[in-house]
Amino acid sequence: MKTIIFLFGAIAILVSCKGNESVEIGQKTSMFVETVYNAGEVVKGEVITARIIVKNTGDYPLVIAAVQPSCSCTVAEKPEDPIAPGEEGEIVTRVDTYNLTGSNVNKQISIVANTEPSITEVFIKAKMKKK
C-alpha cells in the first residue's frame, strides 16, 4: 500500500515540476534528516511546531511524495517542488497536545521519498507538563 501511495505521489509531483532540474521516474537519491526532533518541555494544550530540515545528499533531485503522521493530532506540510542535490527543504509538522495523555509526547511521521529505503521515520518528542 505504501508503495502505491509513493508511486502516485511521485508521478503527481513529477508531472507538476516547474524547476530546471530534470526528474525521471526511477532515479534514487539520498537524504539526511535528524530522526528525532526534541521539542523540550511543553504545556498540555500547546501546539508543537517542528521544523524538520531535509537535505538532499544524493546526485538526483529529491522528491518527497508524502509525509504521513502516525495519528490525527499531527499534521505535516511538505515541500512541493523537488529538492536539488546539495540543497535543503523543510517539512513543517504540528502536534496538538490538547487531547494527549501522559507526560511524554512521542509522535512519529513517515517521510516517503525517492530514496533507498523509500520511507524514513522521524520522531517528535517532548515532555508535557500541566498548566
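Residues numbered from 1 in each chain as written. Predicted model: local features only at pLDDT ≥ 70, side-chain atom pairs only at ≥ 80, totals over all residues. Heavy atoms only, no water.

Comments concerning the overall build of the chain
The line we're drawing: Runs of E in the DSSP output that reach at least two residues are strands. Runs of H or I that reach at least four are helices, and both are numbered from the N terminus. For every residue, the accessible area obtained with a 1.4 Å probe (protein chains only) is divided by the maximum for its type, and the residue is called buried under 20%, exposed over 50%, and partly exposed between those limits. Pairs of residues are marked as contacts when any of their non-hydrogen atoms sit within 4.5 Å. Note on areas: Shrake-Rupley with a 1.4 Å probe; residue coverage comes only from the protein chains shown.
If you tally the helices and strands in the chain, you get one helix and eight strands. Counting helices and strands in the order they occur from the N terminus, the chain gives α-β-β-β-β-β-β-β-β. In the chain, which comprises 131 residues, the share counted as buried stands at 37%. For the chain, the share of sequence-separated contacts (at least 6 apart) that also reach a separation of at least 24 residues comes to 67%. When the accessible area of the chain is evaluated, it comes to approximately 7700 Å², of which 52% is carbon and sulfur surface.

A short note on the pairing of strand β7 (residues 104-113)
To be explicit about the condition: What makes two strands pair is DSSP finding at least two bridges between them.
Extensive coverage of β7 is indicated by the burial of seven of its ten residues. As paired strands, β7 and strand β8 (residues 119-129) are joined by nine bridges and run antiparallel to one another. Residue pairing across strands places K107 opposite I124, the latter belonging to β8. Hairpin geometry of β7 and β8 is characterised by an intervening segment of five residues between the two adjacent antiparallel strands.

Some remarks on the nonpolar core
Operational definition: Within this scheme, the nonpolar core is defined by two criteria: the residues are buried Ala, Val, Leu, Ile, Met, Phe, Trp, Tyr or Cys, and they are joined through side-chain atoms within 4.5 Å.
The biggest cluster of nonpolar side chains holds 23 residues, and the ones touching the most others in it are I64 and I111. Sorting the residues of this core by element identifies β1 (31-33), β3 (47-56), β4 (64-69), β6 (88-96), β7 and β8 as the ones contributing at least two each.

Overview of the pattern of salt bridges
Threshold: Within this document, salt bridges are pairs made up of a side-chain nitrogen of Lys or Arg and a carboxyl oxygen of Asp or Glu, the two lying within 4 Å of each other.
Per the stated rule, a full pass over the model turns up four salt bridges. The residue K129 makes a salt bridge to E41 at a minimum N-O spacing of 3.5 Å. Residue K129 is found in strand β8, and its partner E41 is found in strand β2 (residues 36-43); the two are separated by 88 residues along the sequence. Accessibility expressed as a relative area gives 39% for K129, which makes it partly exposed. The exposure class assigned to E41 is exposed, which follows from its relative accessible area of 56%. Two residues, E90 and R51, come together in a salt bridge whose shortest N-O distance is 3.5 Å. Of this pair, E90 sits in strand β6 while R51 is found in strand β3, placing the two residues 39 residues apart along the sequence.

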